[in-house]
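# Examination of the molecular architecture
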Amino acid sequence: MRILILIILSIVLSACSGNEDIPAVNFSSETTPVNSSGDAADDPAIWINEDNPINSLIFGTDKRSGIHVYGLDGSELGFSALGATNNVDVRVLDKILYIATSNRTSSTIDLWKIPESQAYDYFSTTDDPFNSLPKHVSINAGMKVYGICLGLYKNDLVALLTEEEGVRNQFWNLTNQKLINTINIIADESNPPEDGNEAEGCVFDDNNETFFVSREGNDGLLKAFNTSDQSFITIIDSRAGNIVGDPEGVAIYKSNISEGYIIVSSQGDSTFNVYNRQYPYDFQFKFSVADVADTDGLDIVNFPIGDQYSDGIMIVQDGFNTPYNQNFKIVNVSEIKKKILTLGLID
């Protein structure tokens, strides 16, 4: 059945207007499939081991059962059964690695911390790492949780937590475990639909003190906000523009401290939209990853990892991975750049 669905999806996508002109890149590696069948793999996060980049880690959620830990070759290093762990994100503050998840089973933000110097050895040798490492904190959100992303602001660890099937987005200071603000994701809209307004994908741009949220529902909106006061900046794109279906995972690719690109999964046409990281966040181009469809979460980093990944890596969830359970694909950013430069889509 999944093979038939994938064939049908491929036919539909190839019939979409202009889709044949969208550049496609190959993935270089892939992770072991997640444990659960069906729509299970969801969100990846990359931790870069700056002292030894080849020993970096990928965290990937199985939103039905827990979280996997992978090496850069895609091999599984560990798994922890934590319940419905939807999204995951990481940040480093004062040489401490923080890992946060949104847990739909317990409606909590779950946060772990470990010294960066110990992270690779611990996660590469511990079969059940998150149950063996005491939680730094678990915060009951008082709502049905969905997506989460971490950021750094004024030397504090902050988070945006989104609501499942609701309009609330909670802005947390995790350093002092305080809820700072609750944002209504549709407050800026005129006559929004009554249902389907939830947001899931989000990302903080720490250097530019902004964050971006993909709001699903009828319009499929990508929005920008100020980190300082959580005020709305602008709608970047929608289904009336370059987004097809739901906008899902969001990530930042930095070319320098303030410039670069916002990458968004355009789930309906199985492509990835690229926008300028600077206001007004102009759309640049689309690309796809060969044999990857219906992507939820993604992450991307610009950090050289040996000779193979001199421009960094991108991790994307694969919504099919037929005939196996879903997994995550690892993409060489150099291949994306090569394809885009060849076609003249950026300077």
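Keep in mind it's a predicted model, so treat the numbers as computed, not measured.

### A look at the pairing of strand β8 (residues 96-103)
Most of β8 sits out of view: 7 of its 8 residues are buried. Where strand β7 (residues 85-93) lies against β8, 8 bridges are found, and the strand directions are antiparallel. Within β8, the residue paired with T85 across the bridge is N103. Here β7 folds back onto β8 in antiparallel fashion, the turn holding 2 residues, of which D94 has a positive phi close to 55°. Sheet topology note: the β8/strand β9 (residues 108-115) ladder contains 8 bridges and is antiparallel.

### Observations regarding the confidence of the model for the protein chain
When the pLDDT values of the protein chain are averaged, the result is 93; 93% of them are 70 or greater. Taken together, the stretch residues 1-18 has pLDDT below 50 and engages in 19 contacts with residues farther than four places along the chain or on a different chain.

### Quick notes on the state of the cysteines
Under the criterion given, the structure shown has 1 disulfide. Between the sulfur atoms of C149 and its disulfide partner C202 the distance amounts to 2.3 Å. What sets the handedness of the C149 and C202 disulfide is the S-S torsion sign, and at about -120° it is left-handed. One end of the pair, C149, is in strand β11 (residues 145-153); the other, C202, is in strand β15 (residues 199-205), and 53 residues separate them in sequence. Classification of C149 by relative accessible area gives buried; the value is 0%. By relative accessible area, C202 is classed as buried at 8%.

### Focus on helix α4 (residues 333-343)
Those residues of α4 that fall on the buried side of the exposure criterion are V333, S334, I336 and I340. Down the axis of α4, the buried side of the element spans an arc of 155°, and every buried residue falls inside it. Among the structural elements, β1 (24-25), β19 (247-254), β22 (283-289), β23 (298-301), β24 (313-318) and β25 (327-332) are those in contact with the buried residues of α4. Near the N-terminus of α4, the side chain that reaches the backbone nitrogen of S334, with its oxygen 3.0 Å away, is that of N332. Trailing α4 by a residue or two, G344 shows a phi angle of about 75°, which is positive.

### Some thoughts on the sheet that holds β9
The antiparallel open sheet is built from 4 strands, whose spatial order is β7-β8-β9-β10. Strand pairing shows two members of the sheet lacking a second neighbour, β7 and β10 (137-140), which therefore form its edges. When strand polarity is set aside, the average angle formed by the axes of neighbouring strands in this sheet is 15°. Across the sheet, helix α2 (residues 116-125) lies against β7, β8 and β9, angled at about 105° from β9, the strand it touches most.

### Points about the sheet that holds strand β5 (residues 66-70)
If you walk across this open sheet you meet the 4 strands as β3-β4-β5-β6, and the pairing is antiparallel. The sheet terminates laterally at β3 (41-47) and β6 (76-81), the two strands that pair on one side only. Neighbour-to-neighbour, the strand axes of the sheet open up by a mean angle of 20°, direction not taken into account. Inspection of the sheet shows β3 paired to strand β4 (residues 57-62) by 5 bridges, in the antiparallel sense. Within the sheet, the bridge partner assigned to I46 lies in β4 and is I58. The sheet contacts of α2 involve β3, β4, β5 and β6, and relative to β4 the element is tilted by about 60°.

### Side note on the pattern of salt bridges
Under the definition given, this model contains 19 salt bridges. A salt bridge links R91 to D206; its shortest N-O distance comes to 2.8 Å. With R91 in strand β7 and D206 in the loop between β15 and β16 (210-215), the pair connects residues that are 115 residues apart, well separated along the chain. The buried category is assigned to D206, whose relative accessible area is 19%. Linked by salt bridges that have partners in common, D188, E189, R215, D219 and K223 make up one network.

### Focus: the packing of aromatic side chains
Here the distance between the centres and the angle between the planes together describe a pair of aromatic rings. Tallied over the full model, the rule gives 15 aromatic pairs. A ring pair is formed by Y122 and F123, whose centres lie 5.1 Å apart and whose planes are at 85°; its orientation type is edge-to-face. With respect to burial, Y122 and F123 carry one shared label: buried. Taking the ring centre of F27 as reference, the NZ or CZ of K329 above it sits at 5.2 Å.

### Re unusual backbone geometry
With omega at 10°, the peptide bond leading from Y279 into P280 counts as cis. Tracing the chain through its elements places P280 in the loop between β21 (271-276) and β22. Cis geometry is found at the peptide bond from T322 to P323, where omega equals 5°. Here P323 shows up in the loop between β24 and β25. Located in the positive-phi region is E165, a residue other than glycine, with phi close to 55°. Within the secondary structure, E165 sits in the loop between β12 (156-163) and β13 (168-173).

### Brief notes about the side chain of K329
Positionally, K329 belongs in strand β25. Within the local environment of K329, its side chain forms a polar contact with the side chain of D318, the two groups lying 2.6 Å apart. Of note is the side chain of K329, whose polar atom sits 3.1 Å from the side chain of N321. Setting aside residues no more than four positions away along its own chain, K329 makes contact with F27, S29, E30, V292, M314, I315, V316, D318 and N321.

Scoring rules and cut-offs
- Residues numbered from 1 in each chain as written.
- Predicted model: local features only at pLDDT ≥ 70, side-chain atom pairs only at ≥ 80, totals over all residues.
- Heavy atoms only, no water.
- Buried < 20%, exposed > 50% of the residue type's maximum accessible area, 1.4 Å probe, protein only.
- Helix = DSSP H or I, 4+ residues; strand = E, 2+ residues; numbered from the N terminus.
- Pairing = 2+ DSSP bridges.
- pLDDT = per-residue confidence, 0-100.
- Contact = heavy atoms within 4.5 Å.
- Disulfide = S-S within 2.5 Å.
- Arc of directions from axis to C-beta.
- Polar contact = N/O pair within 3.5 Å; in protein donor to acceptor, adjacent residues only side chain to side chain.
- Axes fitted to C-alpha atoms, helices over the stretch in contact; angles between N-to-C directions.
- Salt bridge = Lys/Arg side-chain N within 4 Å of Asp/Glu carboxyl O.
- Phe/Tyr/Trp six-rings, centres within 6.5 Å; stacked < 30°, edge-to-face > 60°.
- Lys NZ or Arg CZ within 6 Å of the ring centre and 35° of its normal.

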